[in-house]
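An overview of the molecular structure
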Amino acid sequence: MKRLKNSLLVFGTLLLIISCNTYTIPVESFREQMIGETSESIREVQISNPLFYSDIKYNSNNLKRIIVTDKDGKRTYLDNSPSIEMRVTDVSGKKYNFYFDTVILENDTLKGGRSRFAKVLDRQIPMDSVVKIEVQDGGKKFEYQN
């Protein structure tokens, strides 16, 4: 059973990678864009829940657009939304996933949420250990309700 779960997880991840445009954000650009996005500036948002009839409430940053780099090295903009996913790679090569709209930068520490359903699943990473930041629109049917 565990092997089947792992196979399904790998297959699902491959589908996401193949079907979504992935962009990068240089670490210094990320720092500049996140200035002011701290725990004092977050706001509560409500999004549609594609799995159940009730909406989900959580704290979000206030960014409207993200400056990203596409695969050809061209700078472009990506509108922030509840479906934007972020993958951070640290100096050891370990990768961490977040929902971008939950990410803040506080005391040179990146903080963000890994789940919409379990708010306790947040993560903190020192920015000096971050070597790569990637974002993509996961295509999930989340929409802001407020």
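Look a little higher up for the structure.
Residues numbered from 1 in each chain as written. Predicted model: local features only at pLDDT ≥ 70, side-chain atom pairs only at ≥ 80, totals over all residues. Heavy atoms only, no water.

This part covers the overall build of the protein. Within the protein, the regular secondary structure consists of two helices and 11 strands. Here the protein holds 146 residues, and 41% of them are scored as buried. Pairs at least 24 residues apart make up 58% of the contacts formed inside the protein by residues separated by at least 6 positions. When the accessible surface of the protein is summed, it comes to about 9200 Å², and 53% of that surface belongs to carbon and sulfur atoms. (Helix = DSSP H or I, 4+ residues; strand = E, 2+ residues; numbered from the N terminus. Buried < 20%, exposed > 50% of the residue type's maximum accessible area, 1.4 Å probe, protein only. Contact = heavy atoms within 4.5 Å. Areas by Shrake-Rupley, 256 points an atom, 1.4 Å probe, with all protein chains shown as cover.)

Pairing between side chains of opposite charge can happen when the charged atoms of each approach one another. In this structure the tally under the stated criterion is six salt bridges. Here Glu28 and Arg31 are joined by a salt bridge, their closest N and O atoms 3.4 Å apart. Taken together, the residues Glu28 and Arg31, both in helix H2 (residues 27-34) and three residues apart, mark about one turn of the helix. Close ionic contact of Arg87 with Glu134 constitutes a salt bridge, the shortest N to O distance being 3.0 Å. Of this pair, Arg87 sits in strand E6 (residues 84-90) while Glu134 sits in strand E11 (residues 130-137), and the two are 47 residues apart along the sequence. Across the pair, exposure class does not vary: Arg87 and Glu134 are buried alike. (Salt bridge = Lys/Arg side-chain N within 4 Å of Asp/Glu carboxyl O.)

Turning next to the nonpolar core. In this structure, Ile25, Phe30, Met86, Phe98, Phe100, Leu110 and Val135 are the most contacted members of the largest nonpolar core, which totals 23 residues. Elements with a minimum of two residues in this core: H2, strand E4 (65-69), E6, strand E7 (95-99) and E11. With residues near it in sequence (within four places) discarded, Met86 still touches Phe30, Tyr96, Asn97, Phe98, Phe100, Val103, Leu110, Ile133, Glu134 and Val135. Counting residues in each nonpolar core, the second largest holds six residues, with Val45, Ile47, Ile56 and Tyr99 among its members. (Core = buried A, V, L, I, M, F, W, Y, C linked by side-chain atoms within 4.5 Å.)

Paired through backbone hydrogen bonds, the strands of a sheet run either parallel or antiparallel to each other. Across the sheet, three strands lie side by side as E8-E9-E10; this open sheet has antiparallel pairing. The two strands at the open ends of the sheet, each matched to only one other strand, are strand E8 (104-106) and strand E10 (122-126). Going from strand to strand, the sheet's axes swing by 25° on average, the running direction of each strand aside. (Pairing = 2+ DSSP bridges. Axes fitted to C-alpha atoms, helices over the stretch in contact; angles between N-to-C directions.)

It is worth spelling out the packing of aromatic side chains at this point. All chains considered together, the criterion is met by one aromatic pair. Here Phe30 and Phe100 contribute two aromatic rings whose centre-to-centre distance is 6.5 Å and whose plane-to-plane angle is 80°, an arrangement assigned as edge-to-face. Of this pair, Phe30 sits in helix H2 while Phe100 sits in the loop between E7 and E8, and the two are 70 residues apart along the sequence. Taking relative accessible area as the criterion, Phe30 reaches 1% and is therefore assigned buried. Exposure remark for Phe100: the relative accessible area of 1% places this residue in the buried category. Positioned above the aromatic ring of Tyr77, the side-chain terminus of Arg65 is 4.3 Å from the ring centre. (Phe/Tyr/Trp six-rings, centres within 6.5 Å; stacked < 30°, edge-to-face > 60°. Lys NZ or Arg CZ within 6 Å of the ring centre and 35° of its normal.)

For the rest of this paragraph, the subject is unusual backbone geometry. The backbone of Asn107 sits at a positive phi, close to 55°, despite the residue not being glycine. By secondary structure assignment, the location of Asn107 is in the loop between E8 and strand E9 (109-113). Positive phi is not limited to glycine here, since Asp108 has a value of about 60°. Residue placement: Asp108 occurs in the loop between E8 and E9. Overall, Asp108 belongs to the partly exposed group, its relative accessible area being 39%.

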